[in-house]
Amino acid sequence: MEIKKAAEKELDRILEIYAYARKFMAENGNATQWKDSYPPVELIKQDIGEGKCHVCVEGDKILGVFYFAGEDDPAYREIRDGHWLNEEPYAVVHRIASAEGTKGVASFCLNWALEQTGNIRIDTHEDNKPMRGLLKKRGFQYCGRITLADGSPRIAFQKVGTSSDS
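Calculation criteria
What you see as residue numbers is a count from 1 along each chain, following the sequence as written. Owing to the predicted nature of the model, reporting of local features is limited to residues with pLDDT of at least 70; listing and counting of side-chain atom pairs is limited to 80 or more, with chain, interface and lining totals taken over all residues. For side-chain calculations, the full set of non-hydrogen atoms in the structure is used, while hydrogens and water are omitted. Helix and strand assignments follow DSSP, with helices taken as H or I runs no shorter than four residues and strands as E runs no shorter than two, numbered in order from the N terminus. The globule rule used for comparison is 2.2 Å times the number of residues to the exponent 0.38, while the radius of gyration itself is calculated over C-alpha atoms. Think of it in three bands: with a 1.4 Å probe and only protein chains considered, a residue is buried below 20% of the maximum accessible area for its type, exposed above 50%, and partly exposed in between. Contacts between residues were defined by any pair of non-hydrogen atoms, one from each residue, lying within 4.5 Å. His is not counted, nor are the chain ends, whereas Lys and Arg count as positive and Asp and Glu as negative. A charged residue contributes its charge at one atom only: NZ of Lys, CZ of Arg, CG of Asp or CD of Glu. Under the convention used throughout, the expected extent of a helix is 1.5 Å for every residue step, that is, one less than its residue count. Directions are taken from the helix axis to each C-beta atom, and the arc is the one they span. Residues belong to one nonpolar core when they are buried, are Ala, Val, Leu, Ile, Met, Phe, Trp, Tyr or Cys, and are joined through side-chain atoms within 4.5 Å. The term salt bridge refers to a pairing of a side-chain nitrogen on Lys or Arg with a carboxyl oxygen on Asp or Glu at a separation within 4 Å.

(A) Just the overall build of the protein chain, in detail. Helix and strand counts for the protein chain stand at 4 helices and 7 strands. Starting at the N terminus, the α and β elements of the protein chain follow one another as β-α-α-β-β-β-α-β-α-β-β. Computed over the C-alpha atoms, the radius of gyration of the protein chain is 15 Å, within 12% of the 15 Å expected from 2.2 N^0.38 for a compact globule of 166 residues. Expressed as a percentage of its 166 residues, the buried residues of the protein chain come to 48%. Of all intrachain contacts in the protein chain linking residues separated by at least 6 positions in sequence, the fraction that spans at least 24 positions is 69%. In the protein chain, the 23 positive side-chain charges and the 26 negative ones have mean positions that sit 4 Å from each other.

What follows is the structure, encoded as structure tokens:
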């Protein structure tokens, strides 16, 4: 597997993966995180245009998709019930999803992201037990609670180091 920046010509496949992720979350006790329309097509196109949408590929097949950027996320400026591991520059991973029938894709994407910067922050919905389990398995530490711009609460995690640390 390898990671590359997504191209607009891959939009249909990206949308398929996100549709499957919404279905998977709903079937696994997390029907409210992405509901039935998140992420919207316009946001994905914007992410692609800004070079922040990445895909995990094997050969010519797209197995996963995620947002990755080295940036200060405004939602992460205030954290409650805990604290970030550090205040060093960090990258964020958002909207990570893998295709139906795949295994290990999200771990591969998280490892790649960590190798890029060595300091990753990520958040997820309280009800997203599969993602919470993956983050714990990959060595991410629970840091507290944040609030998204739309007012939605999320639980926040961070990992410092390299993917080989876990």
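(B) Representation of helix H1 (residues 11-27) within the structure. Taking 1.5 Å of rise per residue, the 17 residues of H1 would be expected to cover 24 Å, and the 24 Å separating its terminal C-alpha atoms lies within 8% of that figure. Residues Leu11, Ile14, Ile17, Tyr18, Ala21, Arg22 and Met25 constitute the buried set of H1. Down the axis of H1, the smallest arc covering the buried residues is 140 degrees, so these residues share one side. Among the exposed residues of H1, those pointing more than 90 degrees away from its buried face are Asp12 and Glu27. Looking at the buried side of H1, the elements it contacts are helix H2 (41-49), strand S2 (53-58), strand S3 (61-69) and strand S4 (91-98). One or two positions beyond H1, positive phi appears at Gly29, with a value near 80 degrees.

(C) Region of interest: the nonpolar core. Phe66, Phe68, Val93, Ile96, Leu110 and Ile120 are the most contacted members of the largest nonpolar core, which has 23 residues in total. Counting only elements with at least two residues in this core, the list comes to S3, S4, helix H3 (105-117), strand S5 (119-124), helix H4 (129-137) and strand S7 (153-160). Of all the elements, H3 adds the most residues to this core, at 7 residues. Other than its neighbours up to four places away in sequence, Ile96 contacts Trp34, Val65, Phe66, Ala106, Cys109, Leu110 and Met131.

(D) Examining the pattern of salt bridges more closely. Enumeration over the complete set of coordinates arrives at 11 salt bridges. Glu27 is paired through a salt bridge with Lys23; the nearest N and O atoms lie 3.3 Å apart. Remark: Lys23 and Glu27 occur in helix H1; sequence separation between them is 4 residues, near one turn of the helix. The exposure class assigned to Lys23 is partly exposed, which follows from its relative accessible area of 45%. With its nearest N and O atoms 2.6 Å apart, the salt bridge here joins Asp47 to Arg95. Note that Asp47 is positioned in helix H2 and Arg95 in strand S4, a separation of 48 residues in sequence. Classification of Asp47 by relative accessible area gives buried; the value is 4%.

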